[in-house]
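The chain contents come next:
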Amino acid sequence: MWRTPGGRIPLLRHLDGPEQAGVRPAEGPGGTPGYVERDADALLRAALAGPRPRFALVVGEAAAGATRLAYEVVRSRHPRHAFVRPLSRAALPEAVRLAARSRRAVLWLDGLQDYLGAGGLTTAHLDGLGEAVVVVATMRAAEYRRHQAREASRLTGSDRGSWRAQDELLRRAAVVPLARHWSPAERRRAAARKDPRLAAALEAAGEYGVAEVLAGVVRLRTRWTHARPPAETSPGAAVPDSAPRGGDVPGGTPRGAEVSDGRAWSGELPGGRAGSGDPPGGGVPGRYAPGGEPGRGRRRGGAGDEAAGPYGTVPGPADERARGGAVVAAAVDCRRAGLRRPVDHALLRALHQPYLAGGGGGGGLRPEGLERAFTRALAWACEEAAAAGGLLAGSPDRGYTAAGCLLDLPGLPPVPDHLWRGLLAHVEPGDAYDLGIVARQEGRPVRAVQALTRALRGGVTAAELPLALAVGDAGRPRRAAADLAALARRSERRLGPRHPDTLAVRHQLAFFTGESGHPRSAAVRFAALVADSAAVLGPRHPDTLDARHQLAYFTGEAGDPRSAARQLASLLDAARPVLGADHPRVLAVRRGLLWYGAAEPDVAERDVTALLVDTQRRLGPADPHTLAVRAVRAASAARAGRTAEAVRAWEALAADRARVLGAEHPHTLYTRLEWAQALIAAGRPPAALPLLDLALEQAAPFLEPGHRHLRRLHELRARVTAAGPAPP
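Report on the accompanying structure. (Residues numbered from 1 in each chain as written. Predicted model: local features only at pLDDT ≥ 70, side-chain atom pairs only at ≥ 80, totals over all residues. Heavy atoms only, no water.)

1. Focus: the packing of helix H19 (residues 500-515) against helix H20 (residues 519-536)
- At a minimum axis separation of 8 Å, H19 and H20 run at an interaxial angle of 160°. Viewed along their axes, H19 and H20 adopt a mutual orientation that is roughly antiparallel. At the point where H19 passes H20, the crossing takes the left-handed sense. The residues of H20 that touch H19, namely those facing Leu503, Arg506, His507, Leu509, Ala510, Phe511, Thr513 and Gly514, are Pro519, Ser521, Ala522, Arg525, Phe526, Ala528, Leu529, Asp532, Ser533 and Val536. (Axes fitted to C-alpha atoms, helices over the stretch in contact; angles between N-to-C directions. Helix = DSSP H or I, 4+ residues; strand = E, 2+ residues; numbered from the N terminus. Parallel < 35°, antiparallel > 145°, perpendicular 65-115°, else oblique. Left-handed = near helix turned anticlockwise from the far one by under 90°. Contact = heavy atoms within 4.5 Å.)

Rendered as structure tokens:
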């Protein structure tokens, strides 16, 4: 808890400056420049004057000025309120109690994402606060976008069952968006202050925002960019994509999966069990060597090269920066993987090694030399090279945290398997829950199964539902349906069949019932769920709309495409006013209409082209929703008999889905099956055989027996084999 030197909770008017609220100091002498009113000030003031409990959330890019905006507005409006700022999620319960007991208080949550999850902020906390308590939070735009993406992560509707607590919390917030780049009016107000630092920042701000330049973030990012390892190229590395993960055309297949070891289902880690003594980070060497080619270290005697010494090879300045870049990369990836607390000193020392070259990055150092090299690299990473501070902040006893402005750098490589395995092997159950939730967000259900299994075994009961969903998403829908049936019975006994939490479990149970090969049963379940959700939550509630979407989908899968198309057309009219025309759910409904509709080929081609344009504009070319629209287009070509076009389309889509989702992902497997089908239709069965064999090899470890993809794969392979070899 942040307190004065005397141990007291201060009033806002007694704060010495915005830095005590978490604002980065500006570069140069003279302290923090005077505040320049932002266009979003009025929005925040209106939010603070809104209905109680007042909960305002300022969302902006890292270093865009969200914390400064919130501080200035709140301090001017509530100077006599107590400033209650927990410094970690563990301190949140005490902070809520202090705020609730205060006559008037501001509960300050700078970086709200770090206060969510197991043991984090909930709507119950908000409801327990008094009328004179104001909750003010900030959140990085990337985190907020990722939260929105997970609400629409499944291509046919809701995947919100496991995020319900966070969903309901953020829905209560009055969101104040803050632009990264300053408007002309803001720039005029800044110029009027006649501050040379503001003038310099206004002149330098181009690609970056004025606040980023003032805080020295540009210099900080450049410092790491010049030292950090390039992207790993190991086959096991994850594919970066913060966008939502989805299902097969038109969206019914659960999200999944890449598996490197069959032990994943027990929660055992491919890289060793927690506490086994296996070094974290082992198994996947890095691909970086300073001053040389990937995988090759420098051994010549030039400046900055290594030289012999009493501890083995002694790093020079260039090597110190390179190792420092690897240390920062490990700390950054810990945060990206979902760790919400500082990284322990010893763990960071072990985790950074594989980011360097040489099968572990030892570089010929003996243990004494390795410790010395790590200490020097850590000092370089923590050195305050800009007003924004060091690349890392912390100490050996408190651990280290990477600067938030590094997390959203464009082009960051995926969080590699060696980091994720090493991290999971040494974190507490609550941390494992956070890692599992992020893994689910990023479409890595096998990782999620490992992490959430550990969390549940460690007593984090909130992991039970997302664990069941991760199991199903990774290709075991029957197992997921059985687990969810037990959860639904327990929830009905405890809360009743129409409680919102029970409705969420019923939704997921119905979904995986359909994915298990029972679409009619799923449609019956969703019909009942639509009625109950409309009665309890209302017909326009997102959960009700999601249930209607799933009802239409499984109606079509059960053999009634006309009824499915009618339901989707009605749903589109209902969803657009509620969600907006560009919402991923609305785009998914349009895609379903194309799939089940009976339009003429030229009309269908025009409509799918328009949808592809809209989806790429709204979500980007690599988003799973965009890839799903491309799948509809490829399927349309195949149905129209344009086999050569279909072969090219499926081949390109298979490559892109493997890149975005992973080679073993069920959607990638589905695409390869369609590609093989197109090759067979084009009279090229022999070309399909190696493709099917590869798919079988990749699918066997993670799809449960009898999975529909496996059945179809065996059917296609039998057809190819029966066709015999190609004529000479």
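2. Focus on the sheet that holds strand E3 (residues 105-110)
- Across the sheet, five strands lie side by side as E2-E3-E4-E1-E5; this open sheet has parallel pairing. The two strands at the open ends of the sheet, each matched to only one other strand, are strand E2 (82-84) and strand E5 (174-177). Here the strands of the sheet are splayed against their neighbours by 20° on average, with no regard to which way each runs.
- Where strand E1 (residues 54-60) and strand E4 (residues 133-140) come together, seven bridges link them in parallel fashion. Residue pairing for E4: Gly60 is matched across the bridge by Arg140.
- In this fold helix H2 (residues 66-77) packs onto E1, E3 and E4, with an angle of close to 175° to the strand it touches most, E3.
- Set on the sheet, helix H3 (residues 92-101) makes contact with E2, E3 and E4; between it and E3 the angle comes to about 155°. (Pairing = 2+ DSSP bridges.)

3. As for unusual backbone geometry
- Located in the positive-phi region is Ala63, a residue other than glycine, with phi close to 65°.
- Along the polypeptide, Ala63 turns up in the loop between E1 and H2.
- For Lys194, which is not glycine, the phi torsion reads 60° and is therefore positive.
- Turning to its location among the elements, Lys194 is positioned in the loop between helix H7 (184-191) and helix H8 (196-204).
- Lys194 sits in the exposed class, given a relative accessible area of 71%. (Buried < 20%, exposed > 50% of the residue type's maximum accessible area, 1.4 Å probe, protein only.)

4. Examining the nonpolar core
- One finds Leu484, Phe526 and Trp650 to be the most contacted residues of the largest nonpolar core, which totals 76 residues.
- Ignoring sequence-local partners within four residues, the contact set of Leu484 consists of Leu465, Ala468, Leu469, Val505, Gln508, Leu509 and Phe512.
- Counting residues in hydrophobic clusters, the runner-up holds 59 residues, among them Ala381, Leu424, Ala432 and Tyr433. (Core = buried A, V, L, I, M, F, W, Y, C linked by side-chain atoms within 4.5 Å.)

5. Points about the pairing of strand E9 (residues 399-402)
- Judged from the four bridges that link them, strand E8 (residues 392-395) and E9 form a sheet pairing that is antiparallel. From the neighbouring strand, Gly394 faces E9, where its bridge partner is Tyr400.
- Counting the residues that bridge the hairpin from E8 to E9 gives three residues.

6. A word on the packing of helix H17 (residues 464-473) against helix H18 (residues 477-495)
- Relative orientation of the contacting elements H17 and H18 amounts to 155°, with a least axis distance of 7 Å. Put simply, H17 runs roughly antiparallel to H18. In this structure, H17 crosses over H18, and the sense of that crossing is left-handed. Contact residues: H17 offers Glu464, Leu465, Ala468, Leu469, Val471 and Gly472, while H18 offers Pro477, Arg479, Ala480, Asp483, Leu484, Leu487 and Arg490.
- A per-class count over the contact of H17 with H18 returns eight nonpolar, one polar and four charged. (Nonpolar A, V, L, I, M, F, W, Y, C, P; charged D, E, K, R; others polar.)

7. Points about the side chain of Arg89
- When you line up the elements, Arg89 lands in the loop between E2 and H3.
- Among the residues examined, Arg89 registers a relative accessible area of 13% and is labelled buried.
- At a separation of 2.4 Å, a polar atom in the side chain of Arg89 contacts the main-chain carbonyl oxygen of Leu116.
- Setting aside anything within four residues of it in sequence, one finds Arg89 in contact with Asp114, Tyr115, Leu116, Gly117, Ala118, Gly119, Gly120, Arg340, Gly430 and Asp434. (Polar contact = N/O pair within 3.5 Å; in protein donor to acceptor, adjacent residues only side chain to side chain.)

8. With respect to the packing of aromatic side chains
- Considering all chains together, one arrives at seven aromatic pairs under this definition.
- Ring centres of Phe83 and Trp108 lie 5.6 Å apart, and the angle between their planes is 50°; this geometry places the pair in the tilted category. Pair noted here: Phe83 is in strand E2 and Trp108 is in strand E3, with a separation of 25 residues, a long-range link.
- Ring geometry for Phe511 and Phe512: centres 5.1 Å apart, planes at 85°, overall edge-to-face.
- The exposure class assigned to Phe511 is buried, which follows from its relative accessible area of 0%.
- A relative accessible area of 0% places Phe512 in the buried class.
- If you follow Arg639 out to its NZ or CZ, it ends over the ring of Trp595, 4.8 Å from the centre. (Phe/Tyr/Trp six-rings, centres within 6.5 Å; stacked < 30°, edge-to-face > 60°. Lys NZ or Arg CZ within 6 Å of the ring centre and 35° of its normal.)

9. Thoughts on H2
- Look at H2: 17 Å from first C-alpha to last across twelve residues, which is about the 16 Å you get at 1.5 Å a residue.
- Most of H2 is tucked away: nine of the twelve residues are buried.
- Of the positions making up H2, those classed as buried are Ala66, Thr67, Arg68, Leu69, Ala70, Tyr71, Glu72, Val73 and Val74.
- Each element contacted by the buried residues of H2 is listed here: helix H1 (41-48), E1, E3 and E4. (Expected span 1.5 Å × (residues − 1).)

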